[in-house]
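Listed here are the chains, written in short residue letters.
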Amino acid sequence: MFSQPAVFIVWLLSVVLALTVHEFAHALAATLQGDDTAKRMGRLTLNPLAHMDLFGLLALVFVHFGWGKPVPFNPYHLKYKKWGAFLVGLAGPVSNLMLLTISALLLKALAPVLGGNNLLVVFLGFSFFINAGLMLFNLIPLPPLDGSKLVLALLHGHRWDNLRYSIEYYGPYVLMFAILADLALGVGLISMLIDRPLMLIMRFFGLDVIF
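Given the structure is predicted, the values throughout are model-derived calculations rather than measurements. (Residues numbered from 1 in each chain as written. Predicted model: local features only at pLDDT ≥ 70, side-chain atom pairs only at ≥ 80, totals over all residues. Heavy atoms only, no water.)

Draft legend 1. Representation of the environment of P72. Of note, P72 is situated in the loop between α3 (54–63) and α4 (84–114). Between the C-alpha atom of P72 and that of G171, which follows or precedes it by 99 residues, the distance is 19 Å. Those residues in contact with P72 that lie beyond four places of it in its chain are T37, A38, M41 and R43. (Helix = DSSP H or I, 4+ residues; strand = E, 2+ residues; numbered from the N terminus. Contact = heavy atoms within 4.5 Å.)

Draft legend 2. Geometry of the nonpolar core. Counting 23 residues, the largest nonpolar core has L100, F128, F137, I190, I201, F205 and L207 as its most contacted members. Taken together, the elements giving at least two residues each to this core come down to α4, α5 (119–138), α7 (161–185) and α8 (189–205). The dominant element in this core, judged by the number of residues it contributes, is α5, at seven residues. Counting eleven residues, the second-largest nonpolar core is a separate cluster that includes W11, L19, M52 and V61. (Core = buried A, V, L, I, M, F, W, Y, C linked by side-chain atoms within 4.5 Å. Buried < 20%, exposed > 50% of the residue type's maximum accessible area, 1.4 Å probe, protein only.)

Draft legend 3. Geometry of the environment of I140. Assignment of secondary structure puts I140 in the loop between α5 and α6 (148–154). In this structure I140 comes out as buried when scored by relative accessible area, which is 6%. For the pair I140 and L180, spaced 40 residues apart in sequence, the C-alpha separation works out to 16 Å. Ignoring anything within four residues of it in the chain, the contact list for I140 reads L145, G147, S148, I190 and L193.

Draft legend 4. Quick look at the packing of aromatic side chains. Scanning the entire structure with this criterion turns up eight aromatic pairs. Seen from their ring centres, W83 and F86 are 6.0 Å apart, and the 70° between their planes marks the pair as edge-to-face. Judged by its relative accessible area of 19%, F86 is buried. For the ring pair F128 and F129, a centre distance of 5.3 Å and an interplane angle of 80° mean the geometry is edge-to-face. You can call F128 buried: its relative accessible area is 0%. (Phe/Tyr/Trp six-rings, centres within 6.5 Å; stacked < 30°, edge-to-face > 60°.)

Draft legend 5. Inspection of the packing of α4 against α5 at higher detail. Contact geometry for α4 and α5: axes closest at 8 Å, N-to-C directions at 155°. Taken as axis vectors, α4 and α5 run roughly antiparallel relative to one another. When the axes of α4 and α5 are compared, the crossing they make is left-handed. Contacts from P93, N96, L97, L99, L100, S103, A104, L106, L107, L110, A111 and L114 in α4 reach L120, V121, L124, G125, S127, F128, N131, A132, L134, M135 and N138 in α5. Of the residues that constitute the contact of α4 with α5, the class distribution is 17 nonpolar, six polar and no charged. (Axes fitted to C-alpha atoms, helices over the stretch in contact; angles between N-to-C directions. Parallel < 35°, antiparallel > 145°, perpendicular 65-115°, else oblique. Left-handed = near helix turned anticlockwise from the far one by under 90°. Nonpolar A, V, L, I, M, F, W, Y, C, P; charged D, E, K, R; others polar.)

Next comes the structure, spelled out in structure tokens:
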């Protein structure tokens with residue numbers, strides 16, 4: 001932060017962009033299905049101020065783990081009753097996939113021309129990794145992450161009420177335990193789920209020869 005302020009600012013911009021587009025995508029997916037909750041609360045916007053959580057952003061800066069404001073939606077207002085919440089959840093990771101794809105293609109085109117120290121190239125590199133990490137992390141099937149929406153959609157119906165309740169209640173505790181174990185003890189539970197898919201994504205775009 002202090003030794004390379006320009007690089008830190010570029011990193012912060014890439015984080016804010018990734019989180020903003022991610023949360024906007026959730027709001028857009030809910031709105032397109034007929035629920036105007038996010039729109040009424042000012043979340044159907046690409047204004048970063050509407051999506052940033054102060055403590056989440058500070059945590060991201062200092063411990064490299066953070067979050068944005070969750071987008072509210074009413075599942076009972078969604079057009080697709082069974083899969084509606086899943087589609088809202090899926091929109092976030094899909095938006096990150098789009099951003100990482102754009103970043104990777106521009107990075108491959110511009111890095112050989114501008115060089116690795118160019119701030120635009122640095123921004124694109126940060127954007128690729130942050131969006132890939134955000135996408136993969138959110139696909140973990142534990143509440144409140146987006147991946148849990150698929151699990152809950154598959155357990156649609158009254159006979160699964162108790163199991164859904166258990167997943168929604170205990171899921172955040174399991175996730176928090178895994179995160180704290182990674183941060184405090186270096187266990188690597190989260191990284192095991194992210195690192196290998198990230199390497200495969202890098203190879204797909206041919207970025208393993210750049211980094």
